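# Structural description and commentary
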Amino acid sequence: MPDSSLLEVDEEAIAHYRAEGWARLGTTISEDKLAALRTRADEIMLGKVSYPALFFQLDAESGNYDELSRGKGYQGASLNYRKIEKLEHDPLFRELIETPRFGDIAHAVLGPTIQLYRAVLFSKSAAGGTYLPWHQDCGTFWGITKDPQLQIWTALDDAPEEAGCVEVIPRTHLGGIATPLGGVIPDYVAGPANAESRAIKIPARAGESLLIHNYVWHRSRINTTGKPRRALTICLMDGETKCRRKKGPRQFLRLFNDETR
Ligand SMILES: O=C(O)CCC(=O)C(=O)O
């Protein structure tokens, strides 16, 4: 169904995302808001602003994904957190999450009701961060009744190649999920698929957003710029998707829903 509120440029982006598994939206946020978000990211990492619901993961000192600490949460003031989840609890991040243009795209891709699976800051600190291997964002590990398809990634800092920009293997989303568990693509799948030779890099300027299909293989390397490289990813899904957990199933935040759709 054509959506009259959709910008032409977003129609083109959605077509590219459907065909290739990713797309550029261009700049979606103003410089003053970006500056406030960068400050807020630091404040959260340093414990100056805190919300009980936030989930934290520190970088591995080695930069090796397999050596990340898991399940430890906040480990004290540090700018070396690689991942902070549940940023919908922070009003500044919430405003970015609720960007009306994101809502128009989400409705065009997902339908009349939208919920948020997660809002995550992916950070590669000035010290380099962690190498994030080829992965998909889906599978039984995610604990929901249907794999999500749509992520909107927004750079808070410039993310050139040297900063560990996002890389994708175009069209891999068309092959579906690589393993039932989802997540990291095992070597026995990535090797025969010639992942290295098919990879493309997607450098981005601060304030630019990308659409990323949850099934497209994507990764990001170490940051060698000596400056932080942070981005907010929101994963959106349709309103029918439910948590599979029997005990205390998660309730997902509804977004962009209005009575007129
Ligand atoms: O920004 C990054 O380094 C990783 C992004 C990512 O994996 C995602 O948005 O799903």
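Refer to the structure above for everything that follows.
Below you will find a few notes about this structure. (Residues numbered from 1 in each chain as written. Predicted model: local features only at pLDDT ≥ 70, side-chain atom pairs only at ≥ 80, totals over all residues. Heavy atoms only, no water.)

### Here we look at the site of the ligand
- Taken together, Arg118, Phe122, Lys124, Leu132, His135, Asp137, Gln151, Trp153, His218, Ser220, Arg229 and Thr233 are the residues near the ligand.
- One nitrogen or oxygen atom from the side chain of glutamine 151 is found 3.4 Å from an oxygen atom belonging to the ligand.
- Between arginine 229 and the ligand, the recorded distance is 2.7 Å, taken from a side-chain N or O atom to an oxygen atom.
- For the ligand, whose free accessible area comes to 290 Å², the fraction covered by protein is 99%. (Near = heavy atom within 4 Å. Polar contact = N/O pair within 3.5 Å; in protein donor to acceptor, adjacent residues only side chain to side chain. Areas by Shrake-Rupley, 256 points an atom, 1.4 Å probe, with all protein chains shown as cover.)

### Quick word on the sheet that holds strand β11 (residues 218–220)
- With antiparallel pairing, the five strands of this open sheet are ordered in space as β8-β5-β11-β7-β9. Of all the strands in the sheet, the pair left with one neighbour each is β8 (183–184) and β9 (200–202).
- Pairing of strand β7 (residues 166–168) with β9, which is carried by three bridges, proceeds in the antiparallel orientation. Note on β9: the bridge partner recorded for valine 166 is isoleucine 202. (Pairing = 2+ DSSP bridges. Helix = DSSP H or I, 4+ residues; strand = E, 2+ residues; numbered from the N terminus.)

### Comments concerning the packing of aromatic side chains
- Taken as a whole and assessed by the stated rule, the structure comprises five aromatic pairs.
- Each residue in the set Phe56, Tyr74 and Tyr81 is aromatic and connected to the rest through ring pairs, giving one cluster.
- A cation over a ring is seen here: arginine 70 above tyrosine 65, with NZ or CZ 5.3 Å from the ring centre. (Phe/Tyr/Trp six-rings, centres within 6.5 Å; stacked < 30°, edge-to-face > 60°. Lys NZ or Arg CZ within 6 Å of the ring centre and 35° of its normal.)

Any functional reading would require information that these geometric values do not contain.
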